[in-house]
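# Results of the structural survey
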Amino acid sequence: AQKVTQAQTEISVVEKEDVTLDCVYETRDTTYYLFWYKQPPSGELVFLIRRNSFDEQNEISGRYSWNFQKSTSSFNFTITASQVVDSAVYFCALSEGVYNFNKFYFGSGTKLNVKP
Amino acid sequence: EPEVTQTPSHQVTQMGQEVILRCVPISNHLYFYWYRQILGQKVEFLVSFYNNEISEKSEIFDDQFSVERPDGSNFTLKIRSTKLEDSAMYFCASGDRAENIQYFGAGTRLSVL
């Protein structure tokens, strides 16, 4: 079974549209961490946000916002007023357990194309 | 801003050859990782390393693979006898206990011919 599911393979939007990337996770641990990473065309993985399982407070950071809901095991990511530079593959990841050095399980990624 | 550095950016090798992929983690980090990403697929965990030993390894990380921290700054991944299916992007990551964030390098693209 997939630990992290990103059902949207590819999304295309026009600049200035809002877009939400979905992430559903599966774990039996009560303590876990969720992450979003961005992989631009240059290939590196850039950290965007971390949330732990005890912190369901949603966050807004500039044009980015995150919606964490334990009841539905979802950790969705929204870009408001998208820009061409947001074009990238976005990965959701899960780290299980209380230890801070556990491995990440990545989703298969969502490719976001923002057209001018 | 501190970053994880990986060299080379692209490595081409013949099947059966040994390759060593190099990483310089962020200097005060204690946890080190290798992941790989086959073209178009998800990022997969290979191995984690702490206190000079492997903490965990995946089923991908078989006897052909080894890791080493030879000099306190570099962290290397060795593939002893490469196969065609080892062609992938290999990412190094490092982290510390406080943040629980893994910071990734830009990756090494390995092409096995």
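Keep in mind it's a predicted model, so treat the numbers as computed, not measured. (Residues numbered from 1 in each chain as written. Chains lettered and ligands numbered in written order. Predicted model: local features only at pLDDT ≥ 70, side-chain atom pairs only at ≥ 80, totals over all residues. Heavy atoms only, no water.)

### With respect to the state of the cysteines
All names here are of chain A. Applying the stated rule across the entire model yields two disulfides over all chains. The side chain of Cys-23 participates in a disulfide bridge whose partner is Cys-92; the two sulfur atoms lie 2.0 Å from each other. In this structure, the disulfide formed by Cys-23 and Cys-92 twists by about -65° around the S-S bond and is classed as left-handed. On the criterion of sequence distance, the pair formed by Cys-23 in the loop between strand 3 (19-21) and strand 4 (24-25) and Cys-92 in strand 10 (residues 88-96) is long-range, its members being 69 residues apart. (Disulfide = S-S within 2.5 Å. Helix = DSSP H or I, 4+ residues; strand = E, 2+ residues; numbered from the N terminus.)

### A closer look at the nonpolar core
Membership of the largest hydrophobic core comes to 23 residues, with the highest contact counts inside it found for Trp-36, Phe-75, Phe-77, Tyr-90 and Leu-112 of chain A. Counting residues per element, the ones that place at least two in this core are strand 2 (10-14), strand 3, strand 5 (32-39), strand 8 (64-69), strand 9 (74-79), strand 10 and strand 12 (110-115) of chain A. In terms of residues, this core owes the most to one element, strand 10 of chain A, which gives four residues. The next biggest cluster of nonpolar side chains, apart from the first, holds 22 residues, and it includes Cys-23, Trp-34, Leu-77 and Cys-92 of chain B. (Core = buried A, V, L, I, M, F, W, Y, C linked by side-chain atoms within 4.5 Å. Buried < 20%, exposed > 50% of the residue type's maximum accessible area, 1.4 Å probe, protein only.)

### Quick notes on unusual backbone geometry
Residues and elements named next belong to chain B. The omega angle of the peptide bond from Thr-7 to Pro-8 is -10°, so this bond is cis rather than trans. Among the secondary structure elements, Pro-8 is positioned in the loop between strand 1 (5-7) and strand 2 (10-13). In this model, Asn-52 sits at a positive phi of 65°, which is unusual for a non-glycine residue. Asn-52 gets classed as exposed once you look at its relative accessible area, which sits at 60%.

### Thoughts on the environment of Ser-82 of chain A
All names here are of chain A. The topology assignment puts Ser-82 in the loop between strand 9 and strand 10. With residues up to four places along the chain from it excluded, the contact list for Ser-82 reads Val-13, Val-14, Glu-15, Lys-16, Glu-17, Arg-63 and Val-114. A distance of 2.8 Å separates the side chain of Ser-82 from the backbone oxygen of Glu-17, its partner in a polar contact. (Contact = heavy atoms within 4.5 Å. Polar contact = N/O pair within 3.5 Å; in protein donor to acceptor, adjacent residues only side chain to side chain.)

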